[in-house]
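# Breakdown of the fold
For reference, the chains in residue letters:
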2 protein chains.
Amino acid sequence: MDSIHVTLPDGKVVEVQRGTRIDEITPAIATNGNIVAAKIDGRPVDLSRRLDSDCSLAWVSIDSPDGLDVLRHSTAHLMAQAVQSLFPGTQVTIGPTIEDGFYYDFKRDRSFTPEEIEKIEARMEEIAKANLKVTREEMLRSQAIELFRRMGEDYKVAIIEDLPDEVVSLYRQGDWVDLCRGPHVPSTGAIKAFKLTGVAGAYWRGNEKNEMLQRIYGTAWPTRQALKEHLRLLEEAKKRDHRKLGQELGLFMISDVVGPGLPIWLPKGAMVRSILERYIVDIERSMGYQHVNTPQLARVDLYKRSGHWDHFKENMYPPMEFENKEELVLRPMNCPHHITIYKHGLHSYRDLPVRLAELGTMYRYERSGALSGLSRVRAMTLNDAHIFCLPEQIQAETVGVLRLIQRVYRDFGLKDYWYRLSLRNPMDKANFVDNDAMWDGAEGYLRQALDEVGVSFKEAVGEAAYYGPKIDVQLNDVLGHSETLSTVQLDFYLPERFELEYVDRDGQYKRPVMIHRGVISTMERMMAFLIEHYAGNFPLWLAPVQVKVVTVTDQQLDYARKVSAELTAAGWRVELDERNEKLGYKIREAQLAKIPYAVVIGDKEVEAQTVAPRRRGGENVAPLSVSDFIQRLKFEVAQERGEA
Amino acid sequence: MDSIHVTLPDGKVVEVQRGTRIDEITPAIATNGNIVAAKIDGRPVDLSRRLDSDCSLAWVSIDSPDGLDVLRHSTAHLMAQAVQSLFPGTQVTIGPTIEDGFYYDFKRDRSFTPEEIEKIEARMEEIAKANLKVTREEMLRSQAIELFRRMGEDYKVAIIEDLPDEVVSLYRQGDWVDLCRGPHVPSTGAIKAFKLTGVAGAYWRGNEKNEMLQRIYGTAWPTRQALKEHLRLLEEAKKRDHRKLGQELGLFMISDVVGPGLPIWLPKGAMVRSILERYIVDIERSMGYQHVNTPQLARVDLYKRSGHWDHFKENMYPPMEFENKEELVLRPMNCPHHITIYKHGLHSYRDLPVRLAELGTMYRYERSGALSGLSRVRAMTLNDAHIFCLPEQIQAETVGVLRLIQRVYRDFGLKDYWYRLSLRNPMDKANFVDNDAMWDGAEGYLRQALDEVGVSFKEAVGEAAYYGPKIDVQLNDVLGHSETLSTVQLDFYLPERFELEYVDRDGQYKRPVMIHRGVISTMERMMAFLIEHYAGNFPLWLAPVQVKVVTVTDQQLDYARKVSAELTAAGWRVELDERNEKLGYKIREAQLAKIPYAVVIGDKEVEAQTVAPRRRGGENVAPLSVSDFIQRLKFEVAQERGEA
């Protein structure tokens, strides 16, 4: 008898017949409903997969990242089945999973109405309840093409025709079939909590020259409870959406006349940006950075030398031809300009580190379909810096940057963040410079720097850049997704390409190391992040308008003007509402504008020469003199910044 | 007898025979040596010109602007004659006057050596002393072509062939002849003080595809005294040249790799720029300007609507093509972006004026040959603002801008400036919008604003923009040349093109007026101006490094570090020289770097806990405590800014 050895998740090794199905080995576990797939030697497969050689086995539970992916992929199939049963003639195309959910693109002449979406959800519930078995089968490419051609599924035919494989896999549930690699849940009954969340148009193969498809988005979760929580958070995220708040609070606009992806900062948004810019420049200067100001374009040759032209060209703007065939191009990154400055002078080991910083505006070519508010744009200004240092300074410089990041996050009240140490994949010689000694050294420096600062971190193998490891600081948003705000990146590659040098103690010319680092990211992304993080309620020190002065009647206008002038002279950002409107209306407007303080002035305040401040949340402060109010404001800013 | 009436400069009318020469009418005046030409009805002519109809006559004295122009033009001829007599085979091309002098371009295979230039000057002196009569003659175009062809002057032939006139004029002195409109001095003896100042290559007709010519520059003055003074000022200007000082003081660099005309601001220059930027933004905000931040490019359509595409295209960068044939172009001006913001909202008459300001980066296409340091560049950042106001607010807004300009000039210690009111030429309907009522109103507003501020001004007819009058503020440089730093410009045209509106008191939609204004110009030009104005000796408040701390020996390093830290903490820009060098050397270096204060620390200072400051000029300040020194610095800044 032909038998194989299978190592079970608990470490036990069992001997089974070659060809045994996974769910036959430990049926009690495999069918407890919480397990939706398995892994053979780390590769996700269906529970019904037959084992044909020695292997180790792991379970994929529905609430694990892999399990959620299987669940959402299966829910996409469920949706496609419901759509095709309800709307015959609709063709399927592709249906991948995305963060928190999935979508499926259908070929149909018109888009789906809200009523149709409800019907689809209802049909999905029916099919899930019917608990149809989901089965995998394999067939020759040519047979699959024949099958889908008979079914009238032109897009599937096109997809299979592009596949290199000789054998393809299909999944069936009931009378419905789809081309798919899998794995999938064992039966539709495993899908218990889902919701269709939106419809959109999408071009076949993402190319606007192709025909338009109808995309339906959905989300799926292991339990109704988890689904409910996710939908609640989605609502919260929608309220915080920086595109919505940006418009409501008059922070920025996008104009079709100027161009997509090119945000225009309106006075209030520009005020916040200018506070951010001065804040970070001042801190950086106090920490030994030298700010510079470099042109936002350069000759194409500069990017040929840096390697951007060969490896990053599709993200760059088209070049502009000047006289004598000279070509200039808007810069996609600031590093080559800072390198030009470094190369301008001679450097002794005594002058290093040189820390060049800039609020550097850069340009990236993005398809208009990919643009979104301030978070995906075609022009952006980065809080950028490049540290040129001796190899023995790497750790100390990295520690300096990490402490700067901590200081800045404290000032912004950011607490929900974590460190990721992004390393090379030592097996992958194609995507990472092939120099193990360099990598080992560089990764060691970063690890030691994180240890010296005393923070914990997750290691992410294969997440490094081509030319060096980096530390990413990840912030979590309201949906629990993390995004990188700050980075510290080691680079031994550009110093080589540009032949950077310093004269060492021994009189020899040597290569410095470059550290690329960003603390508050681009002004655009930081602004998008802060709007959503604060839900538009900027802390006092960042608020574009800090105090709104409102009078009960016109009688108090003179005194109100005096109060406004005093506050303004003391450096506070004040607006005086001179309109002849009801007090309640004026206060309500100040609240909607999310101004931290409304200062009310009635006859009593005029008489007592006081002001009656009202905090944004609704809290009333007992009337006090203007100078006491200023003390209070100062203390509040110090508190916000973690200084008090 | 055929007689005509001539009105003399003193108002007297004389009757003379038609055909009488000007210098025959009042020979005593016409030949006193100070008079080099005359004007017939305002048009400059030779003194030997014959009068053929009634006219009024004026004298052109050698020290008047017209007279200097005649003198310099004649000196160019003198030089060309000298060159051709010394270097047979050299061909003449063109020889115009320029500010303070002239040049002449010669066709010659090699450039002129310093020794040859000396020889040319000597030969010029000889010809001047010979006092050759300068005579004008006229001939048919075809005859002139024949004449110059015989002389082997191919360039002159080409020039005449391009002339539309049937009759051309020639000037002879001795055996030398040149095609010229004139007028000229009556004889070479009138040329008494000149100097050849430089040589350069220049392309025939300014086109680099043509052959290279040899250009010689020169200057000429009425007296040797005036020439000497001019040469002294030239030396002074050379020392102050911002390109030279910019390099010596490490303020900026130009890199061929990045591109010509794209200055890179090095740390010290970027520090000054950042002080300038914060300074002007803070003042503008305190005066009710709202700063915004707009993209540095836009769709070409925006500039089609504004009119820039039709009228300013040759000064714009080439457009960049994006997906779907969308064309983006770097902006040559910021106005269309600010107009886009204005149009974004509804405006009531109560909200006006809206004052939108920006440090707006713009791009102008300049030929590489025209570029120079920071003063002629391809990318620049303008201290720009646009005021959208009611017609009845024009005067008050203009007064506001003029007061802002006065305040700023006081802070920079600028005193040598004057106001120019640039008006339309009412006769010239082609170059100025044809709407007399508009012009009369607009010019009146500006005139009244100047009167209200109480400053005198010169009117410059024909210097207005196409669409409205403006006030230019002219600064004089060390050579006495004036350049425009600030402008206030009225514009009724763009509001019309963009259909800008506000709702007036009566509920009707009406057009606002736009005022374009710049106070400190572009950062590039202001920086170039300030470097030259201060000769690199930035006042304390603007100096990139304000205090250099130097120790007598290494013994005082600890205390010196403490002093540096205290000064830095108080907001001063400090450098500590930690090198083990001689005190005199370190002080000398601080002086060369034009740092306002070198603070010397020896044993006595450590013991007394004082510092011994030395002013940039050499003045020693008696030792004082750090806090007293800080008081002194503060007072000095207040004095510089006209506040103390």
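Refer to the structure above for everything that follows.
These figures come from a predicted structure and were not determined experimentally.

To continue, consider the packing of helix H5 (residues 141-151) of chain B against helix H6 (residues 154-162) of chain B. All names here are of chain B. Two elements in contact, H5 and H6, have axes separated by 8 Å at closest approach and are oriented at 170°. Our classification of the angle between H5 and H6 gives roughly antiparallel. In the packing of H5 onto H6, the handedness of the crossing is left-handed. Residues Arg141, Ala144, Ile145, Phe148 and Arg149 of H5 touch H6, and the partners they reach there are Lys156, Val157, Ile160 and Glu161. Among the residues forming the contact of H5 with H6, the class breakdown is five nonpolar, no polar and four charged.

This next bit is on unusual backbone geometry. Of note, the bond from A:Gly182 into A:Pro183 is cis; its omega dihedral lies within 30 degrees of zero at -5°. Mapped onto the secondary structure, A:Pro183 falls in the loop between strand E11 (176-179) and strand E12 (193-203). Look at A:Ala535: it is not a glycine, yet its phi comes out positive at around 50°. Locating A:Ala535 in the fold gives a position in the loop between helix H16 (523-533) and strand E29 (547-551). In this model, B:Lys594 sits at a positive phi of 55°, which is unusual for a non-glycine residue. Mapped onto the elements of the fold, B:Lys594 is located in the loop between helix H18 (583-592) and strand E31 (597-601). Residue B:Lys594 is classed as partly exposed on the basis of its relative accessible area of 21%.

We now examine the relation of the copies chain A and chain B. Relative to chain B, chain A is turned by 179° and slid 0.1 Å along the rotation axis, the superposed coordinates differing by an RMSD of 0.2 Å. What we have between these two chains is a two-fold relation. Residues of chain A ranked by C-alpha distance from the rotation axis are headed by A:Met320, positioned 3.3 Å from it. A share of 100% of interface residues in chain A that are also interface residues in chain B marks the association as one of identical surfaces.

What follows covers the packing of aromatic side chains. Counted according to the given criterion, the structure contains 38 aromatic pairs over all chains. Ring centres of B:Tyr104 and B:Phe106 lie 5.0 Å apart, and the angle between their planes is 20°; this geometry places the pair in the stacked category. Comparing B:Tyr104 with B:Phe106 shows no difference in burial state: the two are buried. Each residue in the set A:Phe87, A:Tyr104, A:Phe106 and A:Phe112 is aromatic and connected to the rest through ring pairs, giving one cluster.

All right, on to the sheet that holds strand E25 (residues 482-491) of chain B then. All names here are of chain B. Pairing in this open sheet of eight strands is mixed, and the strands run E16-E20-E21-E28-E25-E24-E22-E23 from one edge to the other. Single-partner strands in this sheet number two, and they are strand E16 (290-291) and strand E23 (457-461). Relative to strand E21 (residues 379-389), strand E20 (residues 354-363) runs antiparallel, the two sharing 10 bridges. The residue bridging glutamate 358 from the neighbouring strand is aspartate 384, located in E21. Contacting E20, E21 and strand E28 (513-522), helix H12 (residues 335-344) runs over the sheet at an angle of about 145° to E20.

All chains considered together, the criterion is met by 110 salt bridges over all chains. The partner of B:Asp162 in a salt bridge is B:Arg205, and the shortest N-O contact between them spans 2.7 Å. Pair noted here: B:Asp162 is in helix H6 and B:Arg205 is in the loop between strand E12 (193-203) and strand E13 (212-221), with a separation of 43 residues, a long-range link. You can call B:Asp162 exposed: its relative accessible area is 55%. Three or more residues are tied together by salt bridges with common partners; here these are A:Arg424, A:Lys429, A:Asp434, A:Asp436, A:Asp440 and A:Glu443.

Residue and element names in this part refer to chain B. Within strand E22 (residues 417-423), five of the seven residues are buried, which leaves the element mostly enclosed by the surrounding structure. In this sheet, strand E24 (residues 470-476) lies alongside E22 in antiparallel orientation, the contact comprising six bridges. Within E24, the position partnered with arginine 420 by the bridge is aspartate 472. One ladder, built from five bridges, connects E22 with E23; its direction is parallel. What sits directly across from leucine 423, in E23, is valine 461. Running through helix H14 (residues 436-453), the crossover from E22 to the neighbouring parallel element E23 is right-handed.

This part is about the interface of chain A and chain B. In many reports, interface size means the accessible area that the parts give up when they come together. If you look at the interface, chain A gives 53 residues, while chain B gives 53 residues. Between chain A and chain B the total buried area reaches about 4600 Å² when both faces are included, carbon and sulfur atoms providing 61% of it. A per-residue breakdown of the area chain A buries against chain B is headed by A:Arg278, A:Asn293 and A:Glu323, which together make up 14% of the total. Linking chain A with chain B are six salt bridges, by the criterion used here. Across the pair A:Arg378 and B:Glu323 runs a salt bridge whose closest N-O atoms are separated by 3.7 Å. Our count for the chain A to chain B interface comes out at 17 residue pairs in polar contact (both at pLDDT 80 or more). Secondary structure elements with two or more residues in the side of chain A that touches chain B: strand E15 (264-265), helix H9 (267-286), strand E16 (290-291), strand E17 (297-299), strand E18 (320-321), strand E19 (327-330), helix H12 (335-344) and strand E20 (354-363) of chain A. Among the elements that line the side of chain A that touches chain B, the one with the most residues is H9(A), at nine residues. The class makeup of the residues in the side of chain A that touches chain B is 28 nonpolar, 13 polar and 12 charged.

Right, let's get into helix H18 (residues 583-592) of chain A. Residues and elements named next belong to chain A. Three or more residues of H18 are buried, namely Lys586, Ile587 and Ala590. Buried residues of H18 fall within an arc of 100° about the axis and therefore sit on the same side. Turned more than 90 degrees away from the buried face of H18 sit Arg588 and Leu592, all of them exposed. Those residues of H18 that are buried lie in contact with E29, strand E30 (574-577), strand E31 (597-601) and strand E32 (612-615). Of the residues one or two after H18, lysine 594 is the one with positive phi, at around 55°.

Attention now moves to the sheet that holds strand E3 (residues 35-40) of chain A. Residues and elements named next belong to chain A. Taking strand neighbours across the sheet as the criterion, the five strands line up as E2-E1-E5-E3-E4 in an open arrangement whose pairing is mixed. A strand with exactly one partner marks an edge of an open sheet, and here the two such strands are strand E2 (13-17) and strand E4 (43-45). Mean inter-strand twist for the sheet, computed between neighbouring axes without regard to direction, equals 40°. Pairing of strand E1 (residues 3-7) with E2, which is carried by five bridges, proceeds in the antiparallel orientation. Note that in E2 the partner of valine 6 across the bridge is valine 14. In the packing of helix H3 (residues 65-86) onto the sheet, contacts are made with E3 and strand E5 (55-61), and the angle to E3 comes to roughly 120°.

With that settled, consider the environment of B:Ala612. Residues and elements named next belong to chain B. As for its position among the elements, alanine 612 is in strand E32 (residues 612-615). On the basis of relative accessible area, alanine 612 is assigned to the buried category, the value being 16%. Ignoring any residue separated from it by four or fewer positions in sequence, one finds alanine 612 in contact with Ala598, Val599, Val600, Glu605, Val621 and Pro623.

Quick look at the environment of A:Ala430 now. You can see A:Ala430 is positioned in the loop between strand E22 (417-423) and helix H14 (436-453). Each C-alpha atom of the pair A:Ala430 and A:Tyr466 lies 8.9 Å from the other, and the pair is 36 residues apart in sequence.

This part takes up helix H20 (residues 626-640) of chain B. Residues and elements named next belong to chain B. With 15 residues, H20 extends 21 Å from end C-alpha to end C-alpha; this agrees with the ideal 21 Å at 1.5 Å per step. The set of residues buried in H20 consists of Val626, Phe629, Ile630, Leu633, Glu636, Val637, Ala638 and Glu640. Looking at the buried residues of H20, the elements they touch are helix H13 (394-411), strand E29 (547-551), helix H17 (557-569), E31 and E32. Just downstream of H20, glycine 642 is the residue with a positive phi angle, here 70°.

Turning to the packing of helix H17 (residues 557-569) of chain A against helix H20 (residues 626-640) of chain A, a few remarks are in order. A pair of packed helices is captured by two measures, namely the crossing angle of their axes and the spacing between those axes. Residues and elements named next belong to chain A. Contact pair H17 / H20: the axes reach a minimum separation of 11 Å and the direction vectors enclose 40°. Here H17 lies oblique to H20, going by the angle between them. Regarding H17 and H20, the two cross each other, and that crossing is right-handed. For the pair formed by H17 and H20, the contact residues are Val563, Glu566 and Leu567 on the first element and Val626, Phe629, Ile630 and Leu633 on the second. Each residue belonging to the contact of H17 with H20 can be placed in one class, and the counts come to six nonpolar, no polar and one charged.

Definitions and limits used
Residues numbered from 1 in each chain as written. Chains lettered and ligands numbered in written order. Predicted model: local features only at pLDDT ≥ 70, side-chain atom pairs only at ≥ 80, totals over all residues. Heavy atoms only, no water. Axes fitted to C-alpha atoms, helices over the stretch in contact; angles between N-to-C directions. Helix = DSSP H or I, 4+ residues; strand = E, 2+ residues; numbered from the N terminus. Parallel < 35°, antiparallel > 145°, perpendicular 65-115°, else oblique. Left-handed = near helix turned anticlockwise from the far one by under 90°. Contact = heavy atoms within 4.5 Å. Nonpolar A, V, L, I, M, F, W, Y, C, P; charged D, E, K, R; others polar. Buried < 20%, exposed > 50% of the residue type's maximum accessible area, 1.4 Å probe, protein only. Least-squares fit on C-alpha atoms with pLDDT ≥ 70 in both. Phe/Tyr/Trp six-rings, centres within 6.5 Å; stacked < 30°, edge-to-face > 60°. Pairing = 2+ DSSP bridges. Salt bridge = Lys/Arg side-chain N within 4 Å of Asp/Glu carboxyl O. Right-handed = clockwise from strand over helix to strand, strands pointing away. Buried area = accessible area lost by both parts, 1.4 Å probe. Polar contact = N/O pair within 3.5 Å; in protein donor to acceptor, adjacent residues only side chain to side chain. Arc of directions from axis to C-beta. Expected span 1.5 Å × (residues − 1).

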